[in-house]
Structures are given as structure tokens and as C-alpha cells.
Amino acid sequence: MKKLRLYILGFSFIFTACQNNLEENPRPSNLIPQDTFQYVLQDLLVLEGYVQNKYRSLPNYYKILKREGQDIFAKYHLDSARFNASFTYYSREQQILNDIYTKISDSLNMRSFSLESDVSTQKDSISK
């Protein structure tokens, strides 16, 4: 989970560092709403972290990531073209993308804390 947080922060810095405020950034007509985009991106980042840890073989990694990524798009009724257009738009909007990554990081931290608490509680009940 800590690796995933580092990936999220790394992506955030990469995309915001590449931002050029002088470029025009037209809003796509089919832009994914910010809150939905956050959930989709979070699911994709969690998937990528899982696949990266479980599958070391590059062909398997890409095959599984692509298949499962399509399942995430289906879950949110999206296609890759709409996601890519929205991702391009949000990646050029520094503050919005930073807010999205901050919310994702906070959500994953809460999830991690919850899982750690559950494991700790289970260990305590087993030892009693």
C-alpha cells in the first residue's frame, strides 16, 4: 500500500510538472465529472499496484491490466477514448489534478488504516 501511495504522488508530480499554463485547454464535451474521474483513476491505480506486485512477467502484466482496466471502464460506463480525453484535460489543470490525487491518497490511506485495524483486531481476538 505504501508503494501505491508513492506511485500516486509520483504521477501527481509528473503531470503537474509537465503543465504549461500558456496552452489552451479546451474542455471536452464528454468530460467525466471530477468525482467520477477520481474513482475511476483510484480503481485503475489500485489495479495497477496489484498487477505489478502479482505478475512480474511483462506480457502477463499488460494483458491482465488491459482486461481488468476494461472491466473498470465498464463499471463506470466509460470507454478508453472518453477516459483519455478527460485524463488529458485534467492533467493540464494542475490544481484540479492535485486535488484529485490528494483525495485518492487520503482515501487509500483510510482504506489502509482500516485494513490494519481489522488485522490488529483479529490478532487480538485470536490471542485471547
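Our subject is the structure listed above.
These remarks concern the structure in this document. (Residues numbered from 1 in each chain as written. Predicted model: local features only at pLDDT ≥ 70, side-chain atom pairs only at ≥ 80, totals over all residues. Heavy atoms only, no water.)

Some details on unusual backbone geometry
Next, step 1: Residue His77 is not a glycine yet carries a positive backbone phi of 55 degrees.
Next, step 2: Relative to the elements of secondary structure, His77 occurs in the loop between helix H3 (58-75) and helix H4 (80-91).
Next, step 3: His77 gets classed as exposed once you look at its relative accessible area, which sits at 70%. (Helix = DSSP H or I, 4+ residues; strand = E, 2+ residues; numbered from the N terminus. Buried < 20%, exposed > 50% of the residue type's maximum accessible area, 1.4 Å probe, protein only.)

Some thoughts on the nonpolar core
Next, step 1: The biggest cluster of nonpolar side chains holds 24 residues, and the ones touching the most others in it are Phe37, Val40, Leu41, Phe83, Tyr90, Tyr101 and Ile104.
Next, step 2: Sorting the residues of this core by element identifies helix H2 (34-54), H3, H4 and helix H5 (94-127) as the ones contributing at least two each.
Next, step 3: No other element matches H2, which puts seven residues into this core.
Next, step 4: Excluding its chain neighbours within four sequence positions, the residues that come into contact with Leu41 are Phe83, Phe87, Ile100, Tyr101 and Ile104. (Core = buried A, V, L, I, M, F, W, Y, C linked by side-chain atoms within 4.5 Å. Contact = heavy atoms within 4.5 Å.)

A short note on the packing of aromatic side chains
Next, step 1: For the structure on display, the rule yields seven aromatic pairs.
Next, step 2: An angle of 40 degrees between the planes, with centres 6.1 Å apart, marks the rings of Phe37 and Phe87 as tilted. Linking Phe37 in helix H2 with Phe87 in helix H4, this pair joins segments that are 50 residues apart in sequence.
Next, step 3: When the centroid spacing of 4.7 Å and the interplanar angle of 40 degrees are considered together, the rings of Phe37 and Tyr90 count as tilted. Remark: Tyr90 occurs in helix H4 and Phe37 occurs in helix H2; sequence separation between them is 53 residues.
Next, step 4: A relative accessible area of 0% places Phe37 in the buried class.
Next, step 5: Judged by its relative accessible area of 3%, Tyr90 is buried. (Phe/Tyr/Trp six-rings, centres within 6.5 Å; stacked < 30°, edge-to-face > 60°.)

Describing the pattern of salt bridges
Next, step 1: In the structure shown here, the tally under the stated rule is two salt bridges.
Next, step 2: Between Asp43 and Lys75 there is a salt bridge; the shortest N-O distance is 3.1 Å. A residue pair is termed long-range when its members are at least 10 positions apart, and Asp43 in helix H2 and Lys75 in helix H3 qualify at 32 residues.
Next, step 3: Residue class for Asp43 comes out buried when judged on its relative accessible area of 18%.
Next, step 4: The salt bridge partner of Glu68 is Arg67, with a shortest N-O separation of 3.4 Å.
Next, step 5: A residue is classified by how much of its surface remains accessible, and Glu68, at 28% relative accessible area, is partly exposed.
Next, step 6: Since its relative accessible area comes to 47%, Arg67 is described here as partly exposed. (Salt bridge = Lys/Arg side-chain N within 4 Å of Asp/Glu carboxyl O.)

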